[in-house]
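Below are the chains, spelled out letter by letter.
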Amino acid sequence: MSTLHAHHRPLGSTGLSVSPLGLGTVKLGRNQGVKYPQQFELPDDKQALELLALAQDLGINLIDTAPAYGTSEERLGSLLAGRRQEWIICSKVGEEFEQGQSHFDFSAAHTRRSVERSLKRLATDYLDLVLVHSDGHDLDVLNAEVYPALAQLKQQGLIRAFGFSGKTVEGGMLALETGDCAMVTYNLQDQSERPVLDFALSHNKGILIKKALASGHLCLQGEDPAKKSLELVFAHPAVASAIIGTINPRHLQQNVISALKVLDSL
């Protein structure tokens, strides 16, 4: 079977080269308070290792995690032991998930503490990319202490690039002015943040897509909805990678096959 290896692409001007599909890992660490069509059990270590090995065989090198994803970071730290260099790891700051509830902290002190904790959990001395997990008040968040704190952590070499996972066009564009990357919702049902993609393209900034398949809901409709969704996503030249969260090996393979059909036709 063909793989995504030949289709890796630059993430803006970060110097990072990422696979056009990234593996979202919320389902490795958390099954409470998540918006998926069906309930699911967390995979055991053997299943998780097999999933990561399959992802790698399929040409995926980008892993997306976050402190708010339950035990995801800690599990990845042990699952990736000895293979850290083979992966681009993206984590987040800002959102904490405890006792079934999310809360947010965008202070400089919490940002630094959060990154240091992620490094420890992931058993690594650097993170490739750290995104701010916005609470939806994007401009307020960006005017807080979190971005200067991330810029300092980048200067110190603890992170290689930073950016913003927001919910508004204004937030995405402001985030890209001084950050390296934005993670943007973009799918067949919602293209309202397209101006952020256009801005990124003209300023050589990185774009990651979240909810490319509308959190699995699109998979309930019609013929090969993944291919249709990815046609839209990859048609925009600013897009480096779409993050797909799955713990089902068959779904992962199907998504890669759909992506390859689209990418080979571009």
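Residues numbered from 1 in each chain as written. Predicted model: local features only at pLDDT ≥ 70, side-chain atom pairs only at ≥ 80, totals over all residues. Heavy atoms only, no water.

**Student:** Looking at this model, I keep getting lost on the packing of aromatic side chains. Mind explaining?
**Tutor:** In this description, a pair of aromatic rings is defined by centroid distance and the angle of the planes. Within this structure, the stated rule accounts for 2 aromatic pairs. Measuring from centroid to centroid gives 5.9 Å for Phe 104 and Phe 106, while their planes differ by 20°, and the two rings are stacked. According to the relative accessible area criterion, Phe 104 is partly exposed, its value standing at 33%. Judged by its relative accessible area of 13%, Phe 106 falls in the buried class. Judged by centre distance (5.0 Å) and plane angle (90°), the rings of Tyr 147 and Phe 162 are edge-to-face. Of this pair, Tyr 147 sits in helix α6 (residues 146-155) while Phe 162 sits in strand β9 (residues 162-165), and the two are 15 residues apart along the sequence. Here Tyr 147 and Phe 162 have matching classes, each one buried. Here the basic side chain of Lys 27 rests over the ring of Phe 40, its NZ or CZ set 5.2 Å away from the ring centre. (Phe/Tyr/Trp six-rings, centres within 6.5 Å; stacked < 30°, edge-to-face > 60°. Buried < 20%, exposed > 50% of the residue type's maximum accessible area, 1.4 Å probe, protein only. Helix = DSSP H or I, 4+ residues; strand = E, 2+ residues; numbered from the N terminus. Lys NZ or Arg CZ within 6 Å of the ring centre and 35° of its normal.)

**Student:** In this structure, what is going on with the packing of helix α7 (residues 169-178) against helix α8 (residues 194-203)? I would like to understand it.
**Tutor:** Packed helices, taken two at a time, are described by the angle their axes make and the gap between the axes. It is at 8 Å that the axes of α7 and α8 come closest, and there the two elements cross at 20°. By the angle between their axes, α7 is roughly parallel relative to α8. Helix-helix and strand crossings are classified by hand; for α7 and α8 the assignment is right-handed. Touching Val 169, Gly 172, Met 173, Leu 176 and Glu 177 of α7 are Pro 195, Val 196, Phe 199 and Ala 200, all from α8. Classifying every residue of the contact of α7 with α8 by side-chain character gives 7 nonpolar, 1 polar and 1 charged. (Axes fitted to C-alpha atoms, helices over the stretch in contact; angles between N-to-C directions. Parallel < 35°, antiparallel > 145°, perpendicular 65-115°, else oblique. Left-handed = near helix turned anticlockwise from the far one by under 90°. Contact = heavy atoms within 4.5 Å. Nonpolar A, V, L, I, M, F, W, Y, C, P; charged D, E, K, R; others polar.)

**Student:** Explanation requested: the environment of Ala 161 in the structure shown.
**Tutor:** Considering the arrangement of structural elements, one finds Ala 161 in the loop between α6 and β9. By relative accessible area, Ala 161 is classed as buried at 0%. Placed 98 residues apart in sequence, Ala 161 and Ala 259 show a C-alpha to C-alpha distance of 26 Å.

**Student:** What exactly am I supposed to notice about the sheet that holds strand β5 (residues 88-93) here?
**Tutor:** Strands belonging to one sheet form pairs held by backbone hydrogen bonds; the direction of such a pair is parallel or antiparallel. A barrel is described by the order of its strands in space; here 8 strands give the closed sequence β3-β4-β5-β8-β9-β10-β11-β12, paired in parallel fashion. Put simply, the sheet's adjacent strands are angled 30° from each other on average, direction ignored. As defined by bridge partners, strand β10 (residues 181-185) adjoins strand β11 (residues 206-210) across 5 bridges and the pair is classed as parallel. Within the sheet, the bridge partner assigned to Ala 182 lies in β11 and is Ile 207. With respect to the sheet, α6 is in contact with β5, β8 (129-133), β9 and β10, its orientation differing from that of β9 by roughly 145°. (Pairing = 2+ DSSP bridges.)

**Student:** Is there a simple way to think about unusual backbone geometry in this case?
**Tutor:** Of all residues except glycine, most have a negative phi; of all peptide bonds, most are trans. Phi at Asn 204 takes a positive value of approximately 55°, unusual for a residue other than glycine. Positionally, Asn 204 belongs in the loop between α8 and β11. One non-glycine residue, Lys 211, adopts positive backbone phi at about 60°. When you line up the elements, Lys 211 lands in the loop between β11 and α9 (225-235).

**Student:** Just checking my understanding: could you explain the nonpolar core for this structure?
**Tutor:** It is characteristic of soluble globular proteins that their nonpolar side chains tend to be buried jointly. One finds Leu 21, Val 115, Val 132, Leu 150, Ile 207, Ile 209 and Phe 234 to be the most contacted residues of the largest nonpolar core, which totals 62 residues. By residue number, the principal contributor to this core is helix α10 (residues 249-265), which donates 6 residues. Grouped together as the second largest cluster of nonpolar side chains are 14 residues, Leu 16, Leu 129, Ala 161 and Cys 181 included. (Core = buried A, V, L, I, M, F, W, Y, C linked by side-chain atoms within 4.5 Å.)

**Student:** Teacher, can you tell me more about the side chain of Asn 187 here?
**Tutor:** Looking at the element boundaries, Asn 187 is found in the loop between β10 and α8. For Asn 187, the side chain forms a polar contact with the main-chain oxygen of Lys 211, separated by 2.8 Å. (Polar contact = N/O pair within 3.5 Å; in protein donor to acceptor, adjacent residues only side chain to side chain.)

**Student:** Sorry if this is basic, but what is going on with the pattern of salt bridges here?
**Tutor:** When their charged atoms lie close together, side chains carrying opposite charge are able to pair. The final tally for this structure, using the stated rule, is 12 salt bridges. With a shortest N-O distance of 3.0 Å, Lys 92 and Asp 64 are connected by a salt bridge. Of this pair, Lys 92 sits in strand β5 while Asp 64 is found in strand β4 (residues 62-64), placing the two residues 28 residues apart along the sequence. In this structure, Lys 92 and Asp 64 share a single accessibility class: buried. Glu 96 is the partner of Arg 117 in a salt bridge, and the nearest nitrogen-oxygen pair spans 2.7 Å. Taken together, the residues span a long stretch of sequence, with Arg 117 in helix α4 (residues 108-121) and Glu 96 in strand β6 (residues 95-98) at a distance of 21 residues. (Salt bridge = Lys/Arg side-chain N within 4 Å of Asp/Glu carboxyl O.)

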